[in-house]
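Take a look at the letters that make up each chain.
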Amino acid sequence: MEYVLATQGLSKHYRQFKALDNLTMHVPKGSIYGFVGRNGAGKTTLIRLICGLQAPTSGSYSLYGTDFTQKEIAKIRRRMGAVVETPSIYLDLTAEDNLKEQFRVLGVPTDDGIPELLKLVGLENTGKKKARNFSLGMKQRLGIAVALAGDPDFLVLDEPVNGLDPQGIIDIRELILKLNRERNITVLISSHILDELSRLATHYGFIDSGRIVKELSARELEAACRKCLRVEVTDTRALARVLDGMGVEYKILSDGQADVFAQLNISQLSRALDGEGCELLSAQERDESLESYFVNLVGGGPRD
Amino acid sequence: MIKLLSANFLRLRKTNLIWGSLGICVGLGALAALGEFRFQVSVGADLSVPEVAQYKALLEKQFFEYAAFIGILAAEFISLFLGTEYSDATLRNKIAVGHSRLSIYAANLITGFAASLMCIAGYMLSCLAVGTPLLGWFSKPAPLLLCAIAGSVLMLAAFCAIFTFVAMNCAKKSTSVVICLLGVFALLLAAVYLNGRLEAPEFITGYELSGNGEIVDAVPEPNPNYLTGAKREVYQFLYDLLPTGQSLQYTMLNFTDPARLMGLAAAVCAVFTAAGAALLRRKDLK
């Protein structure tokens, strides 16, 4: 698999505090990578590092296979756009002037692409209104437009829906999906609003205390969170025989526990097990959400 | 770096800050010439005779006044203009797309310098436009005037290097504005003090009452505040080194070694730029 971003044992220490601790992660090309973690888990620190705002204490990262220590990384960064924490826009300039400014920074020869970009983010009618007078959602969208000015292949968004109203959240979500589907832009999106992230992400990275605790695709996560019947029996070998006979998908978890991925008639199952000399002790329907998966993964206790 | 300069100049054009500063300079240039004319008229000088104005070097006196205040204006302009890169977090946009910190620093230094130079030019042109018909043309030798102009431009570069150093390494715009403005006034006070000590007369001539009751000049006595030897050299060196010290010398057209002043201004510029760029390179940005 081709990775846009790959980190290897990346660490960032601020004096004694380890913001990132030996972090290893992989963002596949073409994905929307949901970077999930609590406040202070290290999400923004990672984004600052990959944007070149800070240098790692140890470890390395590569963008499109180019190590960050190589000279060519400057050219590679040209393929990247980022909104880190707050949108980086000149408040005393209009939306159009902000884009003109970024076009100059990037060396884009003409300003022809500006109207299209403004339309893409829904700011085509802002006229001479200065960014200072924009709503939070408009500023966020302008920040994304600035990040898109260089026509990037990789977009990094740090908490893009923080503080937005429901309509603003929907607008940003649709924009991200559009960019990913229509322009094939890989998106790394950090958030702790899990419900929102679950509507977007194709891949997930769960971070806690500066470490990646789990990396998986949305499909794998779906499988992990799949609706199932968790049964407790006295003999799982007997259970397997019965379920094989029924042609049902299942997963043995331990000697006495298994997950069954089908709607079963409990009486029928109990009778069949009885015939195999096995007792059905309990049956419980399970439906795990991204939220409960995350809580199970990093623990729901208080933060350090 | 051309891309960064192009972006900076675009923003410069769009900001009211530069037009306000330029307006102040143009206004001050015209007011300085007009004020001098009105003063001369009030003391009865006949400025219709060209030799009178030329003898008094009236145009020069006003023309180089910019050297006295351009440091303050540059402090205010550079700290506000470059501080915006931090307050609006737009510095990130430049770094995230691969521009090196060194080129960002250099582009910002050049932009601040160019804007300050534009303000000086505005002052000069308006002073000449209003002053020449009223006060006559320059009377001092052209090489001296050119030396003062070239020297004051280098002095401005030194000021810009100092303020860029502060603005690019201070993450808070308000803090960098306060540091730059307080700093320039502190340097100005230091220069005035040094000038006062260096200009102290070697001897003090007092007055005394003669036997017949008349007041007569006393025998001159050595001034205990007069600086001599190594101490005088140190004071002179500091006076020449400080951009504010140079600004006083250019304002009064009272300098003896322009090459030394220019060399020291270039050194201040180089040291602050190298230190500022090195600090920025190591800085963790948010």
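This one's a predicted model, so the numbers in the text were calculated from it and none came from an experiment.

What counts, and where the lines are drawn
- Residues numbered from 1 in each chain as written.
- Chains lettered and ligands numbered in written order.
- Predicted model: local features only at pLDDT ≥ 70, side-chain atom pairs only at ≥ 80, totals over all residues.
- Helix = DSSP H or I, 4+ residues; strand = E, 2+ residues; numbered from the N terminus.
- Buried ≥ 20, exposed ≤ 12 C-beta atoms within 10 Å, placed from the backbone.
- Contact = placed C-beta atoms within 7 Å.
- Axes fitted to C-alpha atoms, helices over the stretch in contact; angles between N-to-C directions.
- Parallel < 35°, antiparallel > 145°, perpendicular 65-115°, else oblique.
- Left-handed = near helix turned anticlockwise from the far one by under 90°.
- Nonpolar A, V, L, I, M, F, W, Y, C, P; charged D, E, K, R; others polar.
- Domains from an automatic or database assignment.
- Pairing = 2+ DSSP bridges.
- Expected span 1.5 Å × (residues − 1).
- Right-handed = clockwise from strand over helix to strand, strands pointing away.

### Considerations on the overall build of chain B
Then step 1. Helix and strand counts for chain B come out as twelve helices and four strands.
Then step 2. Based on the C-alpha atoms only, the size of chain B along its principal axes is roughly 85 × 50 × 30 Å.
Then step 3. The 286 residues of chain B split such that 39% are buried.
Then step 4. Nonlocal contacts in chain B, meaning residues at least 24 apart in sequence, comprise 82% of its contacts between residues at least 6 apart.

### Focus: the packing of helix 8 (residues 142–169) of chain B against helix 12 (residues 258–282) of chain B
Packed helices, taken two at a time, are described by the angle between their axes plus the distance between the axes.
All names here are of chain B.
Then step 1. The N-to-C vectors of helix 8 and helix 12 enclose an angle of 20 degrees; their axes lie 8 Å apart at closest approach. Here helix 8 is positioned roughly parallel relative to helix 12, judged by the angle of their axes. Regarding helix 8 and helix 12, the two cross each other, and that crossing is left-handed.
Then step 2. Grouping the constituent residues of the contact of helix 8 with helix 12 by class yields 21 nonpolar, five polar and no charged.

### Re the interface of chain B and chain A
Interface size is commonly expressed as the accessible surface area that is lost when the partners come together.
Then step 1. In this assembly, 23 residues from chain B lie in contact with 29 residues from chain A.
Then step 2. Every element with two or more residues in the side of chain B that touches chain A is listed here: helix 1 (2–14) and helix 6 (91–96) of chain B.
Then step 3. Top contributing element to the side of chain B that touches chain A by residue count: helix 1 of chain B, with seven residues.
Then step 4. Its residues placed into classes, the side of chain B that touches chain A shows eight nonpolar, seven polar and eight charged.

### Focus on the domain arrangement of chain A
Then step 1. Domain annotation of chain A identifies domain 1 (3–222) and domain 2 (227–287).
Then step 2. Computed from C-alpha coordinates alone, the two centres of domain 1 of chain A and domain 2 of chain A are separated by 45 Å.

### What to know about the packing of helix 5 (residues 66–87) of chain B against helix 11 (residues 243–251) of chain B
Residue and element names in this part refer to chain B.
Then step 1. Where helix 5 contacts helix 11, the two axes come as close as 7 Å, and the packing angle between them is 150 degrees. The angle between the axes of helix 5 and helix 11 places the two elements in the roughly antiparallel class. Here helix 5 contributes Ala-67, Ala-68 and Gly-71 to the contact with helix 11, which in turn contributes Pro-243, Thr-244, Ser-247, Tyr-250 and Thr-251.
Then step 2. Its residues placed into classes, the contact of helix 5 with helix 11 shows four nonpolar, four polar and no charged.

### Some remarks on the sheet that holds strand 11 (residues 228–233) of chain A
Residues and elements named next belong to chain A.
Then step 1. The sheet built from four strands is open, its strands ordered 12-13-11-14 with antiparallel pairing. Edge positions in the sheet fall to strand 12 (250–252) and strand 14 (280–286), since each of these pairs with one other strand and no more. In this sheet, neighbouring strand axes are inclined to one another by 20 degrees on average, regardless of whether the strands run parallel or antiparallel.
Then step 2. When strand 12 meets strand 13 (residues 257–260), the two strands line up antiparallel, connected through three bridges. Among the inter-strand pairings, Tyr-250 is bridged to a residue of strand 13, identified as Val-260.

### Focus on the sheet that holds strand 9 (residues 203–208) of chain A
Paired through backbone hydrogen bonds, the strands of a sheet run either parallel or antiparallel to each other.
Residue and element names in this part refer to chain A.
Then step 1. One open sheet accounts for six strands, arranged 6-7-8-3-9-10; its pairing is mixed. Single-partner strands in this sheet number two, and they are strand 6 (80–83) and strand 10 (211–217). Within the sheet, the average angular offset between the axes of one strand and its neighbour, ignoring direction, is 15 degrees.
Then step 2. Strand direction decides the pairing type here: strand 6 and strand 7 (residues 154–158), joined by four bridges, are parallel. Bridging from a neighbouring strand, Val-83 pairs with Leu-157 of strand 7.
Then step 3. Running at roughly 160 degrees to strand 6, helix 5 (residues 136–148) makes contact with strand 6 and strand 7 of the sheet.
Then step 4. Packing of helix 6 (residues 166–182) onto the sheet brings it into contact with strand 3 (32–37), strand 7 and strand 8 (186–191), and relative to strand 8 it is tilted by some 155 degrees.

### A few points about helix 3 (residues 95–106) of chain A
All names here are of chain A.
Then step 1. With twelve residues, helix 3 should cover 16 Å at 1.5 Å per step; its first-to-last C-alpha distance of 17 Å lies within 8% of that length.
Then step 2. Counted residue by residue, helix 3 has eleven buried out of twelve residues, so it is predominantly covered.
Then step 3. With its phi angle positive at about 75 degrees, Gly-107 sits one or two positions after the end of helix 3.

### Regarding the pairing of strand 8 of chain A
Residue and element names in this part refer to chain A.
Then step 1. The element strand 8 is largely enclosed, with a buried count of six among its six residues.
Then step 2. Residues Thr-186, Leu-188 and Ser-190 line one face of strand 8 and the alternating positions Val-187, Ile-189 and Ser-191 line the opposite face, and both faces are buried.
Then step 3. Strand direction decides the pairing type here: strand 3 and strand 8, joined by five bridges, are parallel. The residue of strand 8 that forms the bridge with Tyr-33 is Leu-188.
Then step 4. Where strand 7 and strand 8 come together, five bridges link them in parallel fashion. Within strand 8, the position partnered with Leu-157 by the bridge is Ile-189.
Then step 5. Taken together, strand 7, helix 6 and strand 8 form a β-α-β motif whose crossover is right-handed.

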